[in-house]
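Letter by letter, the chains look like this.
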Amino acid sequence: MITKKAIEEVYRRYCKKPKGIDELNVAILFDSLADVHGLTIEDEKIVLRSVDDKSLFRTIALSRVHGIVNFEETVGIVLHSSIIFLNKKEAKVNVHIKPEPKTFMQKVKMWFGR
């Protein structure tokens with residue numbers, strides 16, 4: 001199971017895109033997910049055939065990927081403000097969307113609202 005702390009660490013570790021797509025460990029995707037998710041790379045985009053055609057996460061431009069992380073049961077494709085978790089055994093996909101940070105005024109209201 002992937003914890004909140006692990007997700008925060010992934011965002012911190014992959015806060016910037018690599019200098020080139022050749023620095024991404026794309027082999028992890030094919031080693032673990034090609035058959036399960038019908039994964040292919042076409043025109044420098046990752047295509048996930050296990051995801052609905054209408055989904056925003058069906059195709060992912062490699063130029064937008066910050067990192068690819070191998071977990072015990074899933075592989076995470078890290079983007080700027082989301083992580084797409086692809087299950088290694090089943091065609092299940094989970095997406096974590098990074099919450100927007102609180103503004104200074106929201107923090108002040110929270111402090112004095114108690």
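For the structure itself, consult the block above.
Rules of the game
- Throughout this description, residue numbers start from 1 for each chain and increase along the sequence as written.
- For a predicted model such as this one, the threshold for reporting local features is a pLDDT of at least 70, and the threshold for listing and counting side-chain atom pairs is 80 or more; totals across whole chains, interfaces and linings nevertheless cover every residue.
- Neither water nor hydrogens contribute to the side-chain values; these are computed over all heavy atoms in the structure.
- Each helix is a run of DSSP H or I of at least 4 residues and each strand a run of E of at least 2, with the numbering of both proceeding from the N terminus.
- Classification of residues uses two cut-offs on accessible area relative to the type maximum, computed with a 1.4 Å probe and protein chains only: under 20% is buried, over 50% is exposed, and between them is partly exposed.
- Of the two site types, the cavity is a set of points on a 1 Å grid over the protein atoms alone where a 1.4 Å probe fits but cannot get out, and the pocket is an open set with protein on both sides within 12 Å along at least five of seven lines, each lined by residues with an atom within 4 Å of a point.
- Grid points are joined across faces, edges and corners, and a volume is the space filled by probe spheres set on the points.
- Under the convention adopted here, Pro, Cys and the residues Ala, Val, Leu, Ile, Met, Phe, Trp and Tyr are nonpolar, Asp, Glu, Lys and Arg are charged, and Gly plus all remaining residues are polar.
- We define the nonpolar core as a collection of buried residues of types Ala, Val, Leu, Ile, Met, Phe, Trp, Tyr and Cys that are connected through side-chain atoms lying within 4.5 Å of one another.
- The contact definition used throughout considers only heavy atoms, calling two residues in contact when any of these lie within 4.5 Å.

## Considering unusual backbone geometry
Note: most peptide bonds trans; most residues except glycine with negative phi.
1) Next: Not every positive phi belongs to a glycine, and Asp 43 is a case in point at roughly 50°.
2) Next: Within the fold, Asp 43 resides in the loop between β1 (40–42) and β2 (45–47).
3) Next: In this structure Asp 43 comes out as exposed when scored by relative accessible area, which is 73%.
4) Next: A positive phi angle is found at Glu 44, which is not glycine, with a value near 60°.
5) Next: As for its position among the elements, Glu 44 is in the loop between β1 and β2.

## Overview of the layout of surface pockets
1) Next: Reported here for the largest pocket is a volume of approximately 250 Å³.
2) Next: Contributing to the lining of the largest pocket are Met 1, Ile 2, Phe 71, Glu 72, Glu 73, Thr 74, Phe 85, Leu 86, Asn 87, Lys 92 and Asn 94.
3) Next: Of the residues forming the lining of the largest pocket, the biggest block, 3 residues, is contributed by strand β6 (residues 82–87).
4) Next: A per-class count over the lining of the largest pocket returns 5 nonpolar, 3 polar and 3 charged.
5) Next: Reported here for the second largest pocket is a volume of approximately 150 Å³.
6) Next: Contributing to the lining of the second largest pocket are Lys 4, Ile 7, Glu 8, Tyr 11, His 96, Lys 98 and Pro 99.
7) Next: With 4 residues, the single largest contributor to the lining of the second largest pocket is helix α1 (residues 4–13).
8) Next: Broken down by class, the residue content of the lining of the second largest pocket amounts to 3 nonpolar, 1 polar and 3 charged.

## What about the nonpolar core?
1) Next: If you look at the biggest cluster of nonpolar residues, it comprises 18 residues, and the most contacted ones within it are Leu 29, Ile 46, Leu 48, Ile 60, Val 65, Ile 68 and Ile 77.
2) Next: Sorting the residues of this core by element identifies α2 (27–32), β5 (74–78) and β6 as the ones contributing at least two each.
3) Next: Not counting residues up to four positions away in its chain, the partners in contact with Ile 46 are Leu 29, Leu 39, Thr 40, Ile 41, Arg 58, Thr 59, Ile 60, Leu 62, Val 65 and Ile 77.
4) Next: Counting 9 residues, the second largest nonpolar core, distinct from the first, contains Ile 7, Val 10, Ile 83 and Phe 85.

Remember that the coordinates give geometry; whether it matters functionally is a separate question.
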